[in-house]
Amino acid sequence: LDLTGRLVVIVGGGNVARRKVVRLLAGGAEKVRVVSPKFHAEMPAAVERVVGEYEERHLEGAALVFAATDNAQVNAAVVSDARRRGIWVNRADSEEGDFSTPAVLREDAVTIAVATGGNPAIAARIRDGIKQTLDRRWVVLAEVMKKLRPIVLAANLPEEARRELFREFASEEAADLAGRGDAGVLEARIKARIAAREA
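Report follows, based on the coordinates.

Quick notes on the rules
- Residues numbered from 1 in each chain as written.
- Predicted model: local features only at pLDDT ≥ 70, side-chain atom pairs only at ≥ 80, totals over all residues.
- Heavy atoms only, no water.
- Helix = DSSP H or I, 4+ residues; strand = E, 2+ residues; numbered from the N terminus.
- Rg over C-alpha atoms; globule rule 2.2 N^0.38 Å.
- Buried < 20%, exposed > 50% of the residue type's maximum accessible area, 1.4 Å probe, protein only.
- Areas by Shrake-Rupley, 256 points an atom, 1.4 Å probe, with all protein chains shown as cover.
- Lys, Arg positive; Asp, Glu negative; His and termini not counted.
- Charge placed at Lys NZ, Arg CZ, Asp CG, Glu CD.
- Phe/Tyr/Trp six-rings, centres within 6.5 Å; stacked < 30°, edge-to-face > 60°.
- Pairing = 2+ DSSP bridges.
- Axes fitted to C-alpha atoms, helices over the stretch in contact; angles between N-to-C directions.
- Contact = heavy atoms within 4.5 Å.
- Core = buried A, V, L, I, M, F, W, Y, C linked by side-chain atoms within 4.5 Å.
- Salt bridge = Lys/Arg side-chain N within 4 Å of Asp/Glu carboxyl O.

1. Topic: the overall build of the protein chain
Link 1 in the chain: When helices and strands are counted, the protein chain shows seven helices and seven strands.
Link 2 in the chain: Over its C-alpha trace the protein chain gives a radius of gyration of 22 Å, far above what one expects of a compact globule, namely 16 Å for 199 residues.
Link 3 in the chain: On the principal axes, the C-alpha backbone points of the protein chain span a range of 65 × 35 × 30 Å.
Link 4 in the chain: Across the 199 residues in the protein chain, those meeting the buried criterion constitute 34%.
Link 5 in the chain: For the protein chain, the exposed surface amounts to about 11400 Å²; the carbon and sulfur share of it is 51%.
Link 6 in the chain: Each charge sign in the protein chain was given a centre, from 31 positive and 29 negative side chains, and these centres are 1 Å apart.

2. A closer look at the packing of aromatic side chains
Each aromatic ring pair is characterised by the separation of its centres together with the angle its planes make.
Link 1 in the chain: Scanning all chains against the criterion turns up two aromatic pairs.
Link 2 in the chain: Plain terms: the ring middles of F66 and F99 are 5.4 Å apart, the flat faces sit at 85° to each other, and that makes the pair edge-to-face. On the criterion of sequence distance, the pair formed by F66 in strand β4 (residues 62-67) and F99 in the loop between β5 (88-91) and β6 (103-107) is long-range, its members being 33 residues apart.
Link 3 in the chain: Since its relative accessible area comes to 3%, F66 is described here as buried.
Link 4 in the chain: The rings of F66, W88 and F99 are connected pair by pair, giving a single aromatic cluster.

3. Structural notes on the sheet that holds strand β2 (residues 31-36)
Link 1 in the chain: A sheet is described by the order of its strands in space; here five strands give the open sequence β3-β2-β1-β4-β5, paired in parallel fashion. This sheet does not close on itself; its edge strands, each paired only once, are β3 (48-51) and β5. Strand-to-strand twist in this sheet, taken as the mean axis angle between neighbours without regard to direction, amounts to 20°.
Link 2 in the chain: Where strand β1 (residues 7-11) meets β2, five bridges bridge the pair, whose relative direction is parallel. Note on β2: the bridge partner recorded for V11 is V35.
Link 3 in the chain: Against the sheet, helix α1 (residues 15-26) engages β1, β2, β4 and β5, with an angle of about 165° to β1.
Link 4 in the chain: The sheet contacts of helix α2 (residues 72-84) involve β1, β4 and β5, and relative to β5 the element is tilted by about 165°.

4. A closer look at unusual backbone geometry
Link 1 in the chain: Positive phi, normally seen in glycine, also occurs at D108, with a value near 55°.
Link 2 in the chain: Residue position: D108 is located in the loop between β6 and β7 (110-114).
Link 3 in the chain: For D108, a relative accessible area of 56% gives the class exposed.

5. With respect to the nonpolar core
If you look at soluble globular proteins, the nonpolar side chains tend to sit buried side by side.
Link 1 in the chain: Counting residues in hydrophobic clusters, the biggest one holds 17 residues, and the most contacted among them are L141, L186, I190 and I194.
Link 2 in the chain: With five residues, the single largest contributor to this core is helix α4 (residues 136-154).
Link 3 in the chain: Residue contacts for I194: discarding those within four places in its chain leaves I151, V152, A155, L157 and L165.
Link 4 in the chain: The next biggest cluster of nonpolar side chains, apart from the first, holds 15 residues, and it includes V35, Y54, A62 and V65.

6. A closer look at the environment of V78
Link 1 in the chain: Mapped onto the secondary structure, V78 falls in helix α2.
Link 2 in the chain: On the basis of relative accessibility, which here comes to 0%, the residue V78 falls in the buried class.
Link 3 in the chain: Distance in space between the C-alpha atoms of V78 and V65 is 8.2 Å, their sequence separation being 13 residues.
Link 4 in the chain: Apart from the residues within four sequence positions on either side, V78 is in contact with V11, Y54, L59, V65, A67 and V89.

7. Some words on the pattern of salt bridges
Link 1 in the chain: Applying the stated criterion across every chain yields a total of 26 salt bridges.
Link 2 in the chain: One salt bridge in this structure joins R136 and D108, with 3.4 Å as the shortest N-O distance. Placement of R136 in helix α4 and of D108 in the loop between β6 and β7 is noted, with a sequence separation of 28 residues between them.
Link 3 in the chain: Using a relative accessible area of 40% as the deciding quantity, one classes R136 as partly exposed.
Link 4 in the chain: Salt bridges sharing partners connect three or more residues here, namely E56, E60, D81, R84 and R85.

Following this line, the structure appears as structure tokens:
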């Protein structure tokens, strides 16, 4: 979800709200408003703080809303108000809401999200297990392909030929080359394949 230039409102100032702020900022959110009578000591400074009890007007201009207080009635009111305004909302203390926030693992160009249907602790354990076993060759290859993919897309190839080329370079051999730092070899091979198909 690209939140560039979009306002995210979090109602609640405790540890759950703090964690959501940290993840939003890491994910590229630039405008985050936090509404609460008090704030966690480690709440990031890069947020707009609105000190006080929640009121519907605090949702003005929001593209996304999180209900993250320790008060079920307030969270329910946030969900109701956001939906009435047509804003997607997530409720931290229940599955009521329009979207969930999975446990996320980011390694350079690779992003892996784990959801377990409402149990964030299990999702986090699974994510941490994946991190321990993730083959770094694939992370390096994904980073290399960020540069090489536009070359393929710019080529005068039919759609099926492009898909075939991407599949070919999502191989163990390509991962080995990337893992050894042989990105130049991959680029040369892709250009050769494109030239052969365009001929």
